[in-house]
Amino acid sequence: MKVTVDEDQCCGAGQRVLIAPEVFDQREDDGIVILLDVEPPEQLHVPVREAAGVCPAAAIVLSETA
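Residues numbered from 1 in each chain as written. Predicted model: local features only at pLDDT ≥ 70, side-chain atom pairs only at ≥ 80, totals over all residues. Heavy atoms only, no water.

Student: Break down helix H2 (residues 45-54) for me, citing the residues and quoting the values.
Tutor: For H2, the full list of buried residues reads His45, Pro47, Val48, Ala51 and Ala52. Buried residues along H2 cover an arc of 165° about the axis, so they all sit on one side. H2 presents Val46 and Gly53 as exposed residues on the side facing more than 90 degrees away from its buried surface. Considering only its buried residues, H2 is in contact with strand E1 (2-5), helix H1 (15-19), strand E2 (24-26) and strand E4 (60-63). (Buried < 20%, exposed > 50% of the residue type's maximum accessible area, 1.4 Å probe, protein only. Helix = DSSP H or I, 4+ residues; strand = E, 2+ residues; numbered from the N terminus. Arc of directions from axis to C-beta. Contact = heavy atoms within 4.5 Å.)

Student: Explain empty space enclosed by the protein to me, using residue names and the numbers behind them.
Tutor: One pass over the full model with this rule turns up 1 cavity of 30 Å³ or more. Taken together, Cys10, Cys11, Gly12, Ala13, Gly14, Gln15, Arg16, Ala51, Val54, Cys55, Pro56 and Ile60 make up the lining of the largest cavity. Mapped onto the lining of the largest cavity, the elements with two or more residues apiece are H1 and H2. A per-class count over the lining of the largest cavity returns 8 nonpolar, 3 polar and 1 charged. (1 Å grid on protein atoms, 1.4 Å probe; cavity = no way out; pocket = protein on both sides within 12 Å on 5 of 7 lines; lining within 4 Å. Points joined across faces, edges and corners; volume = space filled by probe spheres on them. Nonpolar A, V, L, I, M, F, W, Y, C, P; charged D, E, K, R; others polar.)

Student: An account of the nonpolar core is requested, with residue identities and associated values reported.
Tutor: Val3, Val23, Phe24, Val48 and Ile60 are the most contacted members of the largest nonpolar core, which has 16 residues in total. When residues no more than four places from it in sequence are discounted, the contact partners of Val23 are Ile34, Leu35, Leu36, Asp37, Pro40, Leu44 and Val48. (Core = buried A, V, L, I, M, F, W, Y, C linked by side-chain atoms within 4.5 Å.)

Shown next as structure tokens:
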């Protein structure tokens, strides 16, 4: 899995940090997403998918890697 984020689209809701803190963080000043792991290990795929699914701005994009 490869994760990309669109900082310009992010609204700073913050749910992703609660769901997958190993992969996502947020800036202190405005809450915009910070991607910590572009290719998270398989054991984190379920929470990363959940985080992407609850993102109200659809700023998290997932793609499967071979």
